[in-house]
Amino acid sequence: MLKIIVNGCNGKMGSVLTKCILSEDDLELVCGVSPDDKINVKYKTYQKMNYINENADVIIDFSHHSTLDDVLSFALKTKTPLVIATTGYNQDELNKIYDASKKIPIFHSSNMSLGVNVLVKLVKEAANMLDGFDIEIIEKHHNKKVDAPSGTAVMIANSIKEILPKIENNYGRYGREAKRTENEVGIHAIRGGTIVGEHNVIFAGHDEVIEIKHSAQSKDIFAKGSIAAAKYLVNQIEGYYNMNNMLS
Ligand SMILES: NC(=O)C1=CN([C@@H]2O[C@H](COP(=O)(O)OP(=O)(O)OC[C@H]3O[C@@H](n4cnc5c(N)ncnc54)[C@H](O)[C@@H]3O)[C@@H](O)[C@H]2O)C=CC1
Ligand SMILES: O=C(O)C1=N[C@H](C(=O)O)C[C@H](O)C1
């Protein structure tokens, strides 16, 4: 039985994830954490991580970047492995995650779907082969998403930089009066309706265009991916893990 704490339990992803955990016989939902109250849930809830009395095998976090200190302090104090799916962290917060991973196992991915992680591999291969092509990333999400660009778009841009180190991110180009340079990747965020999540990477060359695209069709794929990450993580020693580690 894998005992799980969910941070962000009342959010859109938290609701899908807690339902998923409650429906599996080999998983136990120890408690959920969220600053807002929710009635009629079938599990114990707390408003802050540090109020939790129970022990768990792993924490899964789909919340907001501002809860990081609370989550890390609880995970470090109780030596509990932590799966971080939340996006929107600044560099200072990313450094804190990396530092904490020297003491406990941390799995961190801005996208828990299998498909996006295959897309990242394909994009790296295309960036390597398509010399001189202009690369642009377009991400589309629902109108409730609070961070932009998406964590996945940033992850894709970072993976392109591994292949093309001179590349710089250019967010939106609003107000710019200069033509595109060859060393930039444009990143564009669309928000509307109930779009679950789309990432489209465009390679535009002379007289030809290649597009590599992923469309999430439900939030279940992210919830199930985070549970797979949790199962993987509880068997690891302290360290920083991502989808590549799990899939290889
Ligand atoms: N890695 C992945 O595969 C995925 C990551 N995400 C990320 O997970 C996070 C949560 O997504 P959703 O459930 O759609 O968001 P949501 O807004 O519906 O839920 C956020 C949850 O965090 C809690 N929270 C705590 N402190 C907060 C604060 N200061 N401001 C706002 N909320 C606060 C809310 O109470 C709520 O329970 C986002 O960062 C999102 O980008 C979402 C889907 C997939
Ligand atoms: O907020 C969301 O919904 C999503 N967020 C993640 C991101 O920022 O990349 C992953 C997914 O696309 C859904």
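Residues numbered from 1 in each chain as written. Chains lettered and ligands numbered in written order. Predicted model: local features only at pLDDT ≥ 70, side-chain atom pairs only at ≥ 80, totals over all residues. Heavy atoms only, no water.

## Overview of the nonpolar core
- Counting 29 residues, the largest nonpolar core has Val 83 and Phe 107 as its most contacted members.
- Here this core gets 7 residues from one element, more than from any other, and that element is helix H6 (residues 220-233).
- If sequence neighbours within four positions are ignored, Val 83 has contacts with Val 58, Ile 59, Ile 60, Asp 61, Phe 107, Met 112, Ser 226, Ala 229, Ala 230 and Leu 233. (Core = buried A, V, L, I, M, F, W, Y, C linked by side-chain atoms within 4.5 Å. Buried < 20%, exposed > 50% of the residue type's maximum accessible area, 1.4 Å probe, protein only. Helix = DSSP H or I, 4+ residues; strand = E, 2+ residues; numbered from the N terminus. Contact = heavy atoms within 4.5 Å.)

## As for the packing of helix H2 (residues 68-78) against helix H3 (residues 91-100)
- At a closest axis distance of 11 Å, the pairing of H2 and H3 adopts a crossing angle of 5 degrees. Between H2 and H3, the crossing angle belongs to the class labelled roughly parallel. Contact residues: H2 offers Leu 68, Asp 69, Leu 72 and Leu 76, while H3 offers Glu 93, Lys 96, Ile 97 and Ala 100.
- Each residue belonging to the contact of H2 with H3 can be placed in one class, and the counts come to 5 nonpolar, no polar and 3 charged. (Axes fitted to C-alpha atoms, helices over the stretch in contact; angles between N-to-C directions. Parallel < 35°, antiparallel > 145°, perpendicular 65-115°, else oblique. Nonpolar A, V, L, I, M, F, W, Y, C, P; charged D, E, K, R; others polar.)

## A few points about the site of ligand 2
- Near ligand 2 the following residues occur: Thr 87, Ser 110, Asn 111, His 141, His 142, Lys 145, Ser 150, Gly 151, Thr 152, Val 196, His 199 and Phe 222.
- Between ligand 2 and the protein, one listed contact pairs an oxygen atom with a side-chain N or O atom of His 141 at 2.6 Å.
- With the chains in place, 87% of the 320 Å² that ligand 2 exposes on its own is no longer accessible.
- When its residues are assigned to classes, the shell around ligand 2 shows 2 nonpolar, 9 polar and 1 charged. (Near = heavy atom within 4 Å. Polar contact = N/O pair within 3.5 Å; in protein donor to acceptor, adjacent residues only side chain to side chain. Areas by Shrake-Rupley, 256 points an atom, 1.4 Å probe, with all protein chains shown as cover.)

## Thoughts on the side chain of His 199
- Locating His 199 in the fold gives a position in strand E10 (residues 197-205).
- Classification of His 199 by relative accessible area gives buried; the value is 2%.
- Polar side-chain contacts of His 199 include one of 2.8 Å to the side chain of Ser 150.
- Residues within four places of His 199 in sequence aside, it is in contact with Asn 111, Leu 119, Ile 138, Glu 139, His 141, Ser 150, Thr 152, Ala 153, Ile 156, Ile 212, Lys 213 and His 214.

## Section: the domain arrangement of the protein chain
- The domain architecture assigned to the protein chain consists of domain 1 (2-108 + 219-247) and domain 2 (114-216).
- Opposite the 10 residues of domain 1 that make contact, domain 2 presents 12 residues.
- Approximately 800 Å² of surface area, both sides summed, lies buried where domain 1 meets domain 2, with 67% of it carried by carbon and sulfur atoms.
- The interface formed by domain 1 and domain 2 includes 0 salt bridges.
- Our count for the domain 1 to domain 2 interface comes out at 2 residue pairs in polar contact (both at pLDDT 80 or more).
- Among the elements of the structure, H6 and helix H7 (243-247) are those that each provide at least two residues to the side of domain 1 that touches domain 2.
- Broken down by element, the side of domain 1 that touches domain 2 gets its largest block of residues, 3 residues, from H7.
- Tallied by class, residues from the side of domain 1 that touches domain 2 come to 4 nonpolar, 4 polar and 2 charged. (Domains from an automatic or database assignment. Buried area = accessible area lost by both parts, 1.4 Å probe. Salt bridge = Lys/Arg side-chain N within 4 Å of Asp/Glu carboxyl O.)

## Digging into the pattern of salt bridges
- Summed over all chains, the structure comprises 15 salt bridges.
- A salt bridge links Glu 136 to Arg 180, with the shortest nitrogen-to-oxygen separation between them at 2.8 Å. In this pair, Glu 136 is assigned in strand E7 (residues 134-141) and Arg 180 in the loop between strand E8 (168-171) and strand E9 (184-191), connecting sequence segments 44 residues apart.
- In this structure Glu 136 comes out as buried when scored by relative accessible area, which is 14%.
- The class of Arg 180 is partly exposed, set by a relative accessible area of 23%.
- Here Glu 198 makes a salt bridge to Lys 213, at a shortest N to O gap of 3.7 Å. Within this pair, whereas Glu 198 is found in strand E10, its partner Lys 213 is found in strand E11 (residues 208-216), the two being separated by 15 residues in sequence.
- When its relative accessible area of 19% is taken as the criterion, Glu 198 is described as buried.
- Among the charged side chains, a network of salt bridges with common partners joins Asp 134, Glu 136, Arg 173, Arg 176, Arg 180 and Glu 184.

## Quick look at the site of ligand 1
- Within the structure, ligand 1 sits among 23 residues, and Lys 12, Met 13, Asp 36, Thr 87 and Met 112 are positioned closest to it.
- Gly 8 has a polar backbone atom sitting 3.3 Å from an oxygen atom of ligand 1.
- Within the contact set of ligand 1, a nitrogen atom lies 3.0 Å away from a side-chain nitrogen or oxygen of Ser 66.
- Burial of ligand 1 by the surrounding chains reaches 78%, relative to a free accessible area of 850 Å².
- Residue classes in the shell around ligand 1 are distributed as 6 nonpolar, 13 polar and 4 charged.

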